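One-letter residues, chain by chain:
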Amino acid sequence: MADQIPLYPLRSAAAAAAAAANRKRAAYYSAAGPGPGAERPSRYQLEDESAHLDEMPLMMSEEGFENDESDYHTLPRARVTQRKRGLEWFVCGGWKFLCTRIKEFHQTWCFLGLQKKQDLFSINAYVYAQKPQLDIHSFEGTFTREDSDPPIHESLSIENTLWAGTVVASGTVIGVVIYTGKETRSVMNTSNPKSKAGLLDLELNQLTKALFLALVALSVVMVTLQGFVGPWYRNLLRFLLLFSYIIPISLRVNLDMGKAAYGWMIMRDESIPGTVVRTSTIPEELGRLVYLLTDKTGTLTQNEMVFKRLHLGTVSYGPDTMDEIQNHVVDSYSQTHSQAGGNTTSSTPPRKAQSSAPKVRKSVSSRVHEAVKAVALCHNVTPVYESRAGAATDAEFAEVDQDFSDENRTYQASSPDEVALVQWTESVGLTLVNRDLTSMQLRTPSGQVLTYCLLQTFPFTSESKRMGVIVRDESTAEITFYMKGADTAMSTIVQYNDWLEEECGNMAREGLRTLVVAKKALTEEQYQDFESRYNQARLSLHDRALKVAAVVESLEREMELLCLTGVEDQLQAGVRPTLEMLRNAGIKIWMLTGDKLETATCIAKSSHLVSRTQDTHIFRPVTSRGEAHLELNAFRRKHDCALVISGDSLEVCLKYYEHEFMELACQCPAVVCCRCSPTQKARIVSLLRQHTGRRTCAIGDGGNDVSMIQAADCGIGIEGKEGRQASLAADFSITQFRHVGRLLVVHGRSSYKRSAALGQFVMHRGLIISTMQAVFSSVFYFASVPLYQGFLMVGYATVYTMFPVFSLVLDEDVRPDTAMLYPELYKDLTKGRSLSFKTFLVWVLISVYQGGILMYGALVLFESEFVHVVAISFTALILTELLMVALTVRTWHWLMVVAQFLSLGCYVASLAFLNEYFDVAFITTVTFVWKVSAITVVSCLPLYTLKFLRRKLSPPSYSKLTS
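Quick caveat, the model's predicted, so the values are computed rather than measured.

About the criteria used
- Residues numbered from 1 in each chain as written.
- Predicted model: local features only at pLDDT ≥ 70, side-chain atom pairs only at ≥ 80, totals over all residues.
- Heavy atoms only, no water.
- Helix = DSSP H or I, 4+ residues; strand = E, 2+ residues; numbered from the N terminus.
- Buried < 20%, exposed > 50% of the residue type's maximum accessible area, 1.4 Å probe, protein only.
- Contact = heavy atoms within 4.5 Å.
- Areas by Shrake-Rupley, 256 points an atom, 1.4 Å probe, with all protein chains shown as cover.
- Pairing = 2+ DSSP bridges.
- Axes fitted to C-alpha atoms, helices over the stretch in contact; angles between N-to-C directions.
- Polar contact = N/O pair within 3.5 Å; in protein donor to acceptor, adjacent residues only side chain to side chain.
- Parallel < 35°, antiparallel > 145°, perpendicular 65-115°, else oblique.
- Left-handed = near helix turned anticlockwise from the far one by under 90°.
- Nonpolar A, V, L, I, M, F, W, Y, C, P; charged D, E, K, R; others polar.
- Salt bridge = Lys/Arg side-chain N within 4 Å of Asp/Glu carboxyl O.
- Expected span 1.5 Å × (residues − 1).
- Bend = angle between axes of the 7 residues up to and from the residue.
- Core = buried A, V, L, I, M, F, W, Y, C linked by side-chain atoms within 4.5 Å.
- Phe/Tyr/Trp six-rings, centres within 6.5 Å; stacked < 30°, edge-to-face > 60°.
- UniProt positions renumbered as here; feature names shortened; annotations may be inferred.
- Arc of directions from axis to C-beta.
- Right-handed = clockwise from strand over helix to strand, strands pointing away.
- Patch = residues over 30% accessible without salt bridge, like charges linked within 9 Å, V, L, I, M, F, W, Y side chains within 5 Å.
- Lys, Arg positive; Asp, Glu negative; His and termini not counted.
- Charge placed at Lys NZ, Arg CZ, Asp CG, Glu CD.

## Here's the deal with the overall build of the chain
Broken down by element type, the chain carries 32 helices and 31 strands. Here the chain holds 963 residues, and the buried ones make up 53% of them. Intrachain contacts of the chain at a sequence separation of at least 6 include 76% that bridge at least 24 residues. Per element, the accessible surface of the chain, about 42,600 Å² overall, is 56% carbon and sulfur.

See below:
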């Protein structure tokens, strides 16, 4: 037993507000039956299996109870919204209704055995908890209070926890802090974020290394030609300093400033509003992509579900026949209401009468009624009523000011599928009007409110792929177990039928998400036996999950199949033309999704991810090496067809034939991977990078896509209904998938082309002045004497040439509308021809030629004084740089012209103050002007001529479109 620590709960004044809200709800639902919490389920005094778990004292936080034990069912609904900033854990007691992430929804409570909140100061209790671990989706522990009679034992699970940063919107929560500091899940799951480096930066690094070798080689050659006379090592160091301009030190600064400019242009683009650039290191990567890996739900689709189909086995209802379902529901409840009115004197519940009657074939109306009622009850949706305008905003008094009208009701749930189903039941006449921790209220078409007591809730998990509830009808005392889930999980649970598998396939081919709904009637004895075993399993400290699952599975046998529902997730606007544009741009698109194979295949075809003319090869399920070998051989014989493979088969292929599978998959125009886990998504991205060496881009909208986004060379997040996890973790954030097209084809192209030109020109700027220094030293007997000194060298790299060179970030070779109209232009970018060793050598030759002409021309044309050589060569150098920028520019911008004249004006103005470098009397003569002009023309005119001839004889692809 841990040492007892005094408890200090926060004071609260919300009791009056809660009571007022309860009175208001009771008045609004006057037709409701008795409260669902009239009878409290019995508590079990079981010996726990505590062994190796940490024993921790109970430390209370937040506010205490507002009502006594008998009022649990009338406590105000505590709606909780969550901002995921950490994974610290907060075990909750009392009234709690928790909505954690958009894909998780938990509701549970822990009985502390308090009659009033003042008793909290004197309880003798402790919590057994797991030792700190990485898994954020599980928690096991027990709460024990020993000073009560009998002692209280309650199990604690993931459903009893609150994330750090959770906001309690209304009501109160009592909790104990379990993990702090380094023991929290958030800290234990934290990994050092990796810094992404763009391919352009890596290429420039290689070129810079080549320039460094050239610097060392040139210095050694100069010392060798000197004959190693005197202190040669000192001369070597001096030459290394003289030629140090070969190393483009300012390249990093110019590129970073350019990247910042590209990001600003992207966020200012009105064609893609809401786009956010979250990194300033890899905008050029958008122009080098070969593989685009995308999620499906919420990325290609809207994640807005619409109920489309209800299938009962013998009859199917679609959007055009929903009014028939509504008529059946109205008829069923009108008959039920009349029968209930005629049997008010009967004391025997209808369940007893029906249990002894022989089974007869149900009518269509009763089957529709049962199916709609099951859909209306089996979910985790909560109706929410917002506060009236102008009402108090305090969380404690929010319940009092709520408007409980139909117009003010919205639904909150862990999944859009759930909301779509409940909204559909409302449209056909059965409305969910209230839900709290222990009860649920439905309103029939006639206005009668039916109350159901929530006895147990089994939440949906990715392992079970189903969820269920056990409810008791307050009016008839019938206990029913409802369950719904994926067809793969439910097919073995429901009674034998011959239509479920076929209809699931038909709906999947229509692009619908299917759910199988079933039920099972329980007697009071059956439920009591189940509850006893279930609570014992939940109190277990070893293999709790397995024991709980085994108890629940004891109920999941021979369930009555009620219906099959189909919900449609519509495509986002502009998905089809965007995918077609990306495919024409030479980008191979892979869709990685957790949906079933049929749905993923249908979406791939409807979104034109797989073109109409392409064949689709569906990779058969494989479980062994031999099966994988045979299936890969069968796939090898196919040509130009899209591949569809499940996550399980993918895992087997990667285990035994990783290289062969990746080689075949990379040849496919499109790949669809279904039933993929987040880890598998990230692994596929890593394998693509490893096996192909090409640049990859991952795009998603949910937390399950974060690992894939971070593993890719370029990550794009979409702000959708699943929160902003993907958006915040990505390098670029967009609001719609169709914005990807312009982001890649326009901004990716411009960023890459501009950075390539900017990088090569900065290197050219250093090479040309180093060439002049080498020529000067060679002429004067390899003397290690600087040609230009002091401010001239500083000004050359800054005010004299910086503005024109940096203005290249405004250049564009193709207009944006042309790039969007002809996405085939994007294919040339992936070849990396704008920046390669070939283009680098061309710029080196240009620098050597121009540097030699400028230096030799100045030496030939100078007359008597050395200062004239400096004046002539440096002025010609500045003019050559400005003309070379003009030669490189493909589309002029007014800021480019301003930069040219600004730099030229700065140089001309500075001549008056540089008396120690220039002879002012000489630079004002006509002789100086014609000599400078002659040298500049000789250095630049041949290059302009070559550029003109190249455009005429071998024009680039984009020039044919813009002419």
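Read on for the rest.
## Comments concerning unusual backbone geometry
Its identity is not glycine, yet Ala477 carries a phi of approximately 65°, on the positive side. The topology assignment puts Ala477 in the loop between strand S21 (466–473) and strand S22 (479–485). Overall, the relative accessible area of 31% leaves Ala477 in the partly exposed class. Positive phi values are uncommon outside glycine, yet Glu558 reaches one of about 50°. Taking the relative accessible area as the measure of exposure, Glu558 reaches 55% and is therefore exposed.

## Description of the environment of Glu560
Tracing the chain through its elements places Glu560 in strand S24 (residues 560–571). Setting aside anything within four residues of it in sequence, one finds Glu560 in contact with Lys362, Gln495, Val517, Ala518 and Lys519.

## Looking at the sheet that holds strand S23 (residues 512–522)
With antiparallel pairing, the nine strands of this open sheet are ordered in space as S15-S14-S24-S23-S22-S21-S20-S19-S18. Each edge of the open sheet is held by one strand with a lone partner, namely strand S15 (316–317) and strand S18 (431–435). Together, strand S14 (301–311), S23 and S24 form the strand contacts of helix H11 (residues 500–509), whose direction differs from that of S24 by roughly 10°.

## Some points on the side chain of Thr444
For Thr444, the location among the structural elements is in the loop between strand S19 (439–443) and strand S20 (449–458). Looking at Thr444, its side chain comes within polar contact range of the side chain of Ser446, at 3.1 Å.

## Some details on the packing of helix H3 (residues 199–226) against helix H5 (residues 251–268)
Running from amino to carboxyl end, H3 crosses H5 at an angle of 165°, the nearest separation of the two axes being 12 Å. Judged by the angle between their axes, H3 and H5 are roughly antiparallel. The hand of the H3/H5 crossing is right-handed. Together, Asp201, Leu204 and Thr208 of H3 and Leu251, Arg252, Leu255 and Lys259 of H5 make up the contact between the two elements. Taken together, the residues of the contact of H3 with H5 break down into three nonpolar, one polar and three charged.

## Some points on the pattern of salt bridges
Evaluation of the coordinates by the stated rule reveals 31 salt bridges. The shortest N-O distance in the salt bridge between Arg145 and Asp147 comes to 2.6 Å. The class of Arg145 is buried, set by a relative accessible area of 9%. Taking relative accessible area as the criterion, Asp147 reaches 36% and is therefore assigned partly exposed.

## Details of helix H22 (residues 739–779)
Its 41 residues give H22 an end-to-end C-alpha distance of 59 Å, which sits within 8% of 60 Å, the value for a rise of 1.5 Å per residue. His747 marks where H22 bends most, by close to 30°. Within H22, 39 of the 41 residues are buried, leaving the element largely enclosed by the surrounding structure. Note on H22: the residue one or two positions beyond its end, Tyr781, has a positive phi of about 60°.

## With respect to the nonpolar core
With 71 residues, the main nonpolar core has Ile716, Leu743 and Leu744 as its most contacted residues. Examining the composition of this core, we find that 11 residues originate from one element, H22, more than from any other. Other than its neighbours up to four places away in sequence, Leu744 contacts Leu286, Leu289, Leu582, Ile587, Ile716, Arg749 and Tyr826. With 42 residues, the next largest nonpolar core counts Met322, Ala374, Leu450 and Cys563 among its residues.

## Focus: the packing of aromatic side chains
Throughout the structure, instances matching the rule amount to 23 aromatic pairs. With a centroid separation of 6.5 Å and an interplanar angle of 90°, the aromatic rings of Phe619 and Phe661 are classed as edge-to-face. Within this pair, whereas Phe619 is found in the loop between strand S26 (615–618) and helix H16 (625–636), its partner Phe661 is found in helix H18 (residues 658–666), the two being separated by 42 residues in sequence. The exposure class of Phe619 is buried, given its relative accessible area of 1%.

## Quick word on the UniProt feature "active site" (unreviewed entry) in the chain
Sequence positions flagged by UniProt for "active site" (unreviewed entry) are, in local numbering, Asp295. Its location among the elements puts Asp295 in the loop between strand S13 (289–294) and S14. Among residues more than four places away in sequence, those in contact with Asp295 are Leu300, Leu592, Thr593, Lys681, Ile699, Gly700, Asp701, Asp705 and Met708. Among the polar contacts made by the side chain of Asp295, one reaches the side chain of Lys681 at a distance of 3.4 Å.

## As for the sheet that holds strand S25 (residues 588–592)
The nine strands are arranged S12-S31-S30-S29-S13-S25-S28-S27-S26 in an open sheet whose pairing can be described as mixed. Edge positions in the sheet fall to strand S12 (276–277) and S26, since each has one partner strand and no second. Two elements, S26 and strand S27 (residues 641–646), share four bridges in a ladder whose sense is parallel. Within S27, the residue paired with Thr616 across the bridge is Ala642.

## A few points about H16
In this model H16 runs 16 Å from its N-terminal to its C-terminal C-alpha over 12 residues, within 8% of the 16 Å that 1.5 Å per residue would give. Those residues of H16 lying buried are Ala628, Glu631, Leu632 and Phe635. The buried residues of H16 all sit within an arc of 105° when viewed along its axis, so they share a single face. Along its buried surface, H16 packs onto S26, S27, helix H17 (647–656) and H18.

## Describing the pairing of strand S30 (residues 714–718)
By the criterion of burial, S30 is predominantly enclosed, with five of the five residues buried. Both faces of S30 are covered, namely the face carrying Cys714, Ile716 and Ile718 and the face carrying Gly715 and Gly717. Examined bridge by bridge, strand S29 (residues 695–700) and S30 share four bridges and lie parallel to one another. Bridge pairing links Ile699 to Ile716 in S30. Each parallel crossover has a hand, and for S29 linked through helix H20 (residues 706–711) to S30 it is right-handed. Taken together, the three bridges between S30 and strand S31 (residues 732–734) define a ladder with parallel strand orientation. Bridge pairing links Ile716 to Phe732 in S31.

## What to know about a positive patch on the surface
Taken together, Lys827, Lys831, Arg833, Lys838 and Arg950 make up a surface patch of like positive charges. Mapped onto the fold, Lys838 is located in helix H27 (residues 837–861). Overall, Lys838 belongs to the exposed group, its relative accessible area being 68%.

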